[in-house]
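Inside the fold
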Amino acid sequence: MNFLLGSVFSPHPPILIPEIGKGEEISAIQTISGLIEVADFVAEKKPQVIICITPHGHVFQDGACLLDVKSVQGDLSQFSVPSVVMEKKINQILNNSIKKAFDDANITYIPLSQETGKPFGISPQIDYGILVPLYYIDKKYQDYEIIHISIGGTSQWEQYVTGMKIFEAIENAKLKTLILASGDLSHKLKVDGPYGLNENGAIFDDILVNAIQNKKFENILEMSKDISVPAGECGLSPFTMALGAFDTLDVLPKVYSYEFPFGIGYMTGSLDVLSPKEGMTIQQAYLLKQREKYEKRKALEDIYISLARSSVELWIQERKLLDFDDFCKNRSELEAIKKLKEEQAGVFVSLHINGELRGCVGTIHPALKNKAEEIIKNAIQSATEDTRFSPVHKIELESLEIKVDILGAIEKITTENQLHPKKYGVVVESGTKKGLLLPNIEGIETVDLQVQIAKDKAGIKNNEEVVLSRFEVERHEVV
C-alpha cells in the first residue's frame, strides 16, 4: 500500500480567520468554501501525519528548514489576535525518516531546534502560512501530528527533488501521511490591490491553476522566472515540493476554488492518489529534456566554457581536479590552448540554472600561473564555495549554464562618468573593503545602480570615500 494518501493546496490569508476578518472574510467566500472542502478531504483520508510545507517559516537560502522538536506552537499575535493559538506534536518517526532521506541524498537542509536556532536568534514555531489552513482542518479532523517544513532559496528542480525524497521517507516510515502545501498565488492582480498590478500575475495564476487542474505538473516545474518573479507569488516552491512527492504516482487532481478578491490569487485543491504511475515520470521526462538541452549547449560552448564545465563535472562527480593537458587531448583549438597555457588574467566563472544565478567566484588579478588554472579553480569554487548557495548537486550538472569572464587591466578612474554598465565592470574600494561587479549584467542599466551594488557587496556605506576602477572583460558564453 501507499502510505502517501494525497495532498491539499491552500492559501493562507489571515483575514480568513473570523477573529481577524471580523466579517471581511466573506469577500473571499469561494476560498472559505474551498478550505472547507480541503478539511473534508483531510477528514476522509484520516492521516496520522500531515506534512506542512510553508513559504513563511524560517527560510534559509541553501535548503529547506525542518523543525526538529517534539512539539511546536504558533499564534496570530502578529496580526493582533494572540487568542488564536495552536500547538501540534511533531511526529518523530517521520521526522527522522526525512532527515535520513535528505542525508542519504546529500540534500542540504536545516534541522531547527531551540538550540540550533540560538545563533540566528530564532526558535521553532508554527507560522501563519500553516496556522491558517490548519485552523480550518481542525474543525473537521484533529487526530494527527505534523511535520513542519519551510522552503529554501533553492531552484524549482531542487524543490521537486526534495519532494521526491519526502515520498521515500513517508514509505519508509510506514505512516499514513498527507501533504499540505500552503501558498498564495500572484500578489499583483489588481491596480488597487496592496501590491499593485503586474501583467505576469494573471499569467502565473493561469498556468499554475490549469497545471493542477489538468495534471500538467511539468508546466509548474518549468515555470519561467520571467513570469513567477514579477508575479510576486509565494506558492510556487511549496507546490513544487509537494508535487515532487507524487512523481511515481498517478493522481486525481481537483481545484475547489480560485479567486482574487483582494488582488492576491487564492487557490484551494487536492490530489488523491490512485495508483503507481505507468510510463514516464515527470522526473524522467524532465531529465530527458535537460539532456537534450545539455547536448545542444555543449556543442555550442567554446574551449573556455568547456574547460569550466569539465572542471565542475569532474569535481562534483569524482572529487578529482581536472588535468589541463588531458583535457586538451583531441582538441583542435591550438591558438586558444596556447593562450590558456601561457597567459595570465583574473577570471570569473558564473553558473546559472534557467537564467537564475547558481554560483559565481572569481579573481580580480591573476593568482595562478595561467588562465587555464584560474578557470579550473574558479569554476570549482563557483560550484562549491559560493556562500550564497549550497554546493551544486550531481543532478543539477546538466542544467548548468556557464559563463567565463577574462578580466582586462584594472584602470583607476576619477569620476563615475568614465563608467558604462554594459561596457565596463567596476571595482569600488574604501580602505580594506573592496567590491567588484562585472559588466553587462541583466537588469543593471545605470552607473548609479552598478556602483551601488558593488558598494553593497563590499559593505561600503554611502557616506564613505571610495576609489573607483574600471575594467573590460572578454566574455565567453552561449547566447
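Coordinates for the structure precede this section.
On a predicted model such as this, the values are computed, not experimentally measured, just so you know. (Residues numbered from 1 in each chain as written. Predicted model: local features only at pLDDT ≥ 70, side-chain atom pairs only at ≥ 80, totals over all residues. Heavy atoms only, no water.)

All right, on to the overall build of the chain then. When helices and strands are tallied, the chain shows 16 helices and 18 strands. For the chain, the spread of C-alpha atoms along the three principal axes comes to 70 × 50 × 45 Å. Long-range pairs, those at least 24 residues apart, make up 77% of the contacts in the chain between residues at least 6 apart in sequence. Accessible surface computed for the chain: about 21,700 Å², of which carbon and sulfur atoms make up 49%. Between the mean site of the 52 positive side-chain charges and the mean site of the 68 negative ones, the chain shows a separation of 3 Å. (Helix = DSSP H or I, 4+ residues; strand = E, 2+ residues; numbered from the N terminus. Contact = heavy atoms within 4.5 Å. Areas by Shrake-Rupley, 256 points an atom, 1.4 Å probe, with all protein chains shown as cover. Lys, Arg positive; Asp, Glu negative; His and termini not counted. Charge placed at Lys NZ, Arg CZ, Asp CG, Glu CD.)

So, about the pattern of salt bridges. Counting across every chain of the model gives 28 salt bridges. The partner of Glu-356 in a salt bridge is Lys-225, and the shortest N-O contact between them spans 3.6 Å. Of this pair, Glu-356 sits in strand β12 (residues 356-362) while Lys-225 sits in helix α9 (residues 225-231), and the two are 131 residues apart along the sequence. In this structure, Asp-326 engages Lys-329 in a salt bridge whose closest nitrogen and oxygen atoms are separated by 3.3 Å. (Salt bridge = Lys/Arg side-chain N within 4 Å of Asp/Glu carboxyl O.)

Aromatic ring pairs are described here by two measures, namely the spacing of the ring centres and the angle between the planes. Tallied over the full model, the rule gives eleven aromatic pairs. Note on Tyr-135 and Tyr-136: the rings are 5.5 Å apart at their centroids and 65 degrees apart in plane angle, and the pair reads as edge-to-face. Accessibility expressed as a relative area gives 14% for Tyr-135, which makes it buried. Between Trp-157 and Tyr-160 the ring centres are 5.7 Å apart and the planes differ by 15 degrees, which places this aromatic pair in the stacked class. With Trp-157 and Tyr-160 both in helix α6 (residues 156-173) and three residues apart, the pair spans about one turn of that helix. Classification of Trp-157 by relative accessible area gives buried; the value is 4%. (Phe/Tyr/Trp six-rings, centres within 6.5 Å; stacked < 30°, edge-to-face > 60°. Buried < 20%, exposed > 50% of the residue type's maximum accessible area, 1.4 Å probe, protein only.)

Time to look at unusual backbone geometry. Notably, Lys-215 is not glycine yet its phi reads approximately 60 degrees, a positive angle. With respect to the helices, strands and loops of the structure, Lys-215 is situated in the loop between α7 (199-213) and α8 (218-221). In this structure, Asn-440 is a non-glycine residue whose phi angle is positive, near 55 degrees. Relative to the helices and strands, Asn-440 is located in the loop between β16 (433-437) and α16 (447-458). By relative accessible area, Asn-440 is classed as partly exposed at 38%.

Time to look at the sheet that holds strand β1 (residues 4-10). Sheets are built from strands that pair by backbone hydrogen bonding, the pairs being arranged parallel or antiparallel. Pairing in this open sheet of eight strands is mixed, and the strands run β6-β3-β7-β2-β8-β1-β10-β9 from one edge to the other. With partners counted over all chains shown, the strands left at the sheet margins are β6 (109-112) and β9 (249-259), one partner each. Averaged over all pairs of adjacent strands, the angle between their axes in this sheet comes to 20 degrees, without regard to strand direction. Relative to strand β8 (residues 177-182), β1 is paired through six bridges, and the arrangement is parallel. Of the residues in β8, the one forming a bridge with Leu-4 is Thr-177. Helix-sheet contacts for α6 involve β1, β2 (49-54), β7 (145-150), β8 and β9, and the interaxial angle to β1 is about 135 degrees. Sheet strands touched by helix α10 (residues 236-244): β1, β2, β3 (64-67), β7, β8 and β10 (266-276). Its angle to β8, the strand with the most contacts, is close to 160 degrees. (Pairing = 2+ DSSP bridges. Axes fitted to C-alpha atoms, helices over the stretch in contact; angles between N-to-C directions.)

Take the side chain of Ser-228 next. Tracing the backbone through its elements, the reader meets Ser-228 in helix α9. The exposure class of Ser-228 is buried, given its relative accessible area of 3%.

The strand order β14-β17-β15-β16 describes an open sheet built from four strands, whose pairing is antiparallel. Each end of this open sheet is capped by a strand with a single partner; those strands are β14 (411-413) and β16. Ignoring strand direction, the axes of neighbouring strands in this sheet form an average angle of 25 degrees. The sheet strands contacting α16 are β15 (425-430) and β16, and the helix crosses β16 at an angle near 135 degrees.

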